[in-house]
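Architecture and fold: a report
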Amino acid sequence: MLTAVTSRWVRGSRQRAPQVHPFRIPFGALAIGDSFNSKEREVTLADIESFAALSGDHFYAHMDEVAARRNPLFGGRVAHGYFLIAAAAGLFVEPEFGPVLANYGIDALRFVKPVKPGDRIRVRISCKEKSLRAAAGYGEVRWDAEIINQDGAVVASYDVLTIVSERAIPDEVA
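Rules of the game
Numbering of residues starts from 1 in each chain and follows the order in which that chain's sequence is written. pLDDT decides what is reported in this predicted model: residues at 70 or higher carry local features, side-chain atom pairs at 80 or more are listed and counted, and totals for whole chains, interfaces and linings draw on all residues regardless. Water and hydrogen atoms play no part in the side-chain values, which are based on all heavy atoms of the structure. Comment: elements are numbered from the N terminus, with helices defined as DSSP H or I runs of at least four residues and strands as E runs of at least two. Note on exposure labels: buried denotes an accessible area under 20% of the residue type's maximum, exposed denotes more than 50%, and partly exposed covers the range between, all computed with a 1.4 Å probe on protein chains only. Residues are treated as being in contact if the distance between any of their heavy atoms lies within 4.5 Å. Each accessible area value is a Shrake-Rupley result obtained with a 1.4 Å probe; residue values ignore everything except the protein chains displayed when judging cover. Positive: Lys, Arg. Negative: Asp, Glu. His and the chain ends are not part of the count. Just so you know, the charge point we use is NZ for Lys, CZ for Arg, CG for Asp and CD for Glu. Between any two strands, pairing holds if DSSP finds at least two bridges. Take the number of residues in a helix, subtract one, and multiply by 1.5 Å to get its expected span.

**Quick look at the overall build of the chain**
Looking only at helices and strands, one finds five helices and six strands in the chain. The N-to-C order of helical and strand elements in the chain reads α-β-β-α-α-α-α-β-β-β-β. Taking the principal axes of its C-alpha atoms as reference, the chain extends roughly 60 × 35 × 25 Å. For the chain, the proportion of its 174 residues judged to be buried stands at 40%. In the chain, of all internal contacts separated by at least 6 residues, the share reaching a separation of at least 24 is 67%. Just so you have it, the chain exposes about 9,400 Å², and 54% of that area is on carbon and sulfur atoms. Distance between charge centroids for the chain: 5 Å, based on 21 positive and 21 negative side chains.

**Notes on the pairing of strand β6 (residues 154-165)**
Buried residues dominate β6, accounting for ten of its twelve residues. Where strand β3 (residues 100-111) lies against β6, eight bridges are found, and the strand directions are antiparallel. Within β6, the position partnered with N103 by the bridge is T162. Sheet topology note: the strand β5 (residues 138-149)/β6 ladder contains eleven bridges and is antiparallel.

**Some words on helix α5 (residues 81-92)**
Given a rise of 1.5 Å per residue, twelve residues ought to cover 16 Å, and the 17 Å separating the end C-alpha atoms of α5 matches this to within 8%. Buried residues of α5: G81, F83, L84, I85, A87, A88, L91 and F92, and no others.

So this is what it looks like as structure tokens:
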């Protein structure tokens, strides 16, 4: 009901299941609540170590099992939060050209629960809000995103901000 009144999708509202990935839908045809639920991906110790090497983030909670066990929040090594965001993008991004032109940010990012080696994650994204940029040929779309573990618990939540073309093929002549 809140979604209908405010034209803004809220968690707990009905998810719409379009026939194609929502990133394949032009701005005008994209509906509030259009959602995508990804497949699962296992997070491995090799992922954590590779991300540490790539990013330079060698924080003890990611790299030192003994020290990480001493931390009451973790109880052992955990994945980097920013690795989870990157892995989530790999699960939900539709790689073909258009109509999504760009991802221009993330808002309201929260890491809610640690992810350990061997855990599995999946992602749910839902079209939360749309704002057309008059005469620009595109609009801004805010996607509600949750990373969920194998037990159904949310481990991270955030809004993905994208620019979406009004056309399925952005450089197509009208």
